[in-house]
Amino acid sequence: MDKLSAIGVVLAFVAIVGGSILKGSGVSSLFGAAAFVIVILGTLASIFIQTPGAVFKHAMKIVRWVFKPPQQDPEALIGRIVDWSGIARKQGLLALEGVVEGESDSFIKKGLQMLVDGAEPDAIRNILEVELSSKEHFDTQGAKVFEGMGIYCPTLGIIGAVLGLMSVMKNLADPSKLGPGIAAAFIATIYGIAFANLFFLPMASKLKAVIADQTRVREMIIEGLISISQGENPRNIESKLKGYLH
């Protein structure tokens with residue numbers, strides 16, 4: 001669990017609700033069904049039009065990474081790669097076949113299998129880099145779904161405010177309705193700006209950071225496998241890969 005993300009969500013609600021109370025508006029002033037419909041449904045409509053179905057589905061799948069990113073232990077992975085290099089130097093690349101069968105990560109398994117099959121280092125690098133680039137691109141497209149929602153949301157908030165003010169203009173003859181009407185109109189603006197800046201845009205940034213971290217680890221894996229295929233000394237491999245930890 002990413003504790004900072006969880007704390008951030010709690011603080012976001014505290015900031016809005018607490019600020020409303022301290023300003024004397026109260027909690028009830030933050031609720032507006034019409035504003036919610038305009039902002040949230042409007043934002044979803046915009047993102048549905050913008051996003052292919054497969055990308056949106058993937059975005060909903062990876063959103064959990066905001067609170068629970070994939071577990072990665074680069075130091076432990078470096079240790080495994082060094083162990084594999086030791087096996088390859090002592091027993092040959094074919095000795096890694098048993099390692100391939102017990103590997104659960106499909107990316108690592110694919111690279112190890114190419115080692116066992118005797119693929120050239122350039123071929124291993126090219127194939128794995130293409131797969132890495134494709135995965136990074138698809139994951140980033142998923143993160144951009146939330147970025148898009150953060151872009152559209154404030155504009156929908158303004159639309160909601162304008163629609164609310166149009167309703168107020170129809171009741172100018174009744175001054176008692178002007179204050180509550182104007183307050184209700186600005187609820188949409190609050191929704192639009194708050195959802196964008198407290199949730200959607202930060203979520204997109206967090207997902208991009210997680211994706212970048214995954215990419216860095218996989219680049220390290222590629223470099224390690226290439227080093228094994230070239231028969232480098234395990235100690236040199238370890239020293240090289242530790243550069244990825246900074």
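Residues numbered from 1 in each chain as written. Predicted model: local features only at pLDDT ≥ 70, side-chain atom pairs only at ≥ 80, totals over all residues. Heavy atoms only, no water.

Caption draft 1: Broad picture of the overall build of the protein chain. Counting secondary structure elements, the protein chain contains 9 helices and 0 strands. Counted from the first residue to the last, the protein chain has its helices and strands arranged as α-α-α-α-α-α-α-α-α. Taking 246 residues into account, the globule formula puts the C-alpha radius of gyration at 18 Å, and the protein chain, at 26 Å, lies well above it. Over its C-alpha atoms, taken along the principal directions, the protein chain stretches across nearly 90 × 35 × 25 Å. Burial statistics for the protein chain: of 246 residues in total, 37% are counted as buried. Residue pairs in contact within the protein chain that sit at least 24 positions apart in sequence constitute 77% of those at least 6 positions apart. Counting only carbon and sulfur atoms, one obtains 63% of the accessible surface of the protein chain, whose full area is about 13,700 Å². (Helix = DSSP H or I, 4+ residues; strand = E, 2+ residues; numbered from the N terminus. Rg over C-alpha atoms; globule rule 2.2 N^0.38 Å. Buried < 20%, exposed > 50% of the residue type's maximum accessible area, 1.4 Å probe, protein only. Contact = heavy atoms within 4.5 Å. Areas by Shrake-Rupley, 256 points an atom, 1.4 Å probe, with all protein chains shown as cover.)

Caption draft 2: Structural context of helix α2 (residues 33-50). For α2, built from 18 residues, the straight-helix expectation of 26 Å at 1.5 Å per residue is met to within 8% by its first-to-last C-alpha distance of 25 Å. Listing the buried residues of α2 in full gives Ala35, Val39, Ile40, Gly42, Thr43 and Ile47. Summarising the axial view, the buried residues of α2 lie within an arc of 160°, below the 170-degree limit, and thus occupy one face. When the buried face of α2 is taken as reference, the exposed residues oriented beyond 90 degrees from it are Ala33, Ala34, Leu41 and Ile49. (Expected span 1.5 Å × (residues − 1). Arc of directions from axis to C-beta.)

Caption draft 3: Spatial organisation of helix α9 (residues 234-241). Here α9 has its buried residues at Pro234, Ile237 and Leu241. Looking straight down α9, one finds that the buried residues subtend no more than 60° of arc, so they occupy a single side. Seen from the open side of α9, the exposed residues pointing more than 90 degrees away from its buried face are Arg235 and Ser239. Two to three positions downstream of the cap, the backbone nitrogen of arginine 235 sits 2.7 Å from a side-chain oxygen, assigning the N-cap of α9 to asparagine 233. (Polar contact = N/O pair within 3.5 Å; in protein donor to acceptor, adjacent residues only side chain to side chain.)

Caption draft 4: Representation of the side chain of aspartate 139 in the model. By secondary structure assignment, the location of aspartate 139 is in helix α7 (residues 121-169). In this structure aspartate 139 touches His58, Ile62, Trp65, Ile211 and Gln214, once residues within four positions along its chain are discounted.

Caption draft 5: Region of interest: the packing of aromatic side chains. Across all of its chains, the model carries 6 aromatic pairs by this definition. Pairing phenylalanine 13 with phenylalanine 199 gives two aromatic rings, centres 5.6 Å apart and planes at 50°, and the pair type is tilted. Within this pair, whereas phenylalanine 13 is found in helix α1 (residues 3-22), its partner phenylalanine 199 is found in helix α8 (residues 178-229), the two being separated by 186 residues in sequence. Take phenylalanine 13: its relative accessible area is 49%, and that puts it in the partly exposed class. On the basis of relative accessible area, phenylalanine 199 is assigned to the buried category, the value being 17%. Judged by centre distance (6.3 Å) and plane angle (85°), the rings of phenylalanine 36 and tyrosine 191 are edge-to-face. Taken together, the positions of phenylalanine 36 in helix α2 and tyrosine 191 in helix α8 put the pair 155 residues apart, joining distant regions of the chain. Residue classification places phenylalanine 36 among the partly exposed positions, given a relative accessible area of 41%. An aromatic cluster is built from Phe13, Phe36, Tyr191, Phe195, Phe199 and Phe200, whose rings are joined through pairwise contacts. (Phe/Tyr/Trp six-rings, centres within 6.5 Å; stacked < 30°, edge-to-face > 60°.)

As far as function goes, none of this settles anything; it's purely spatial.
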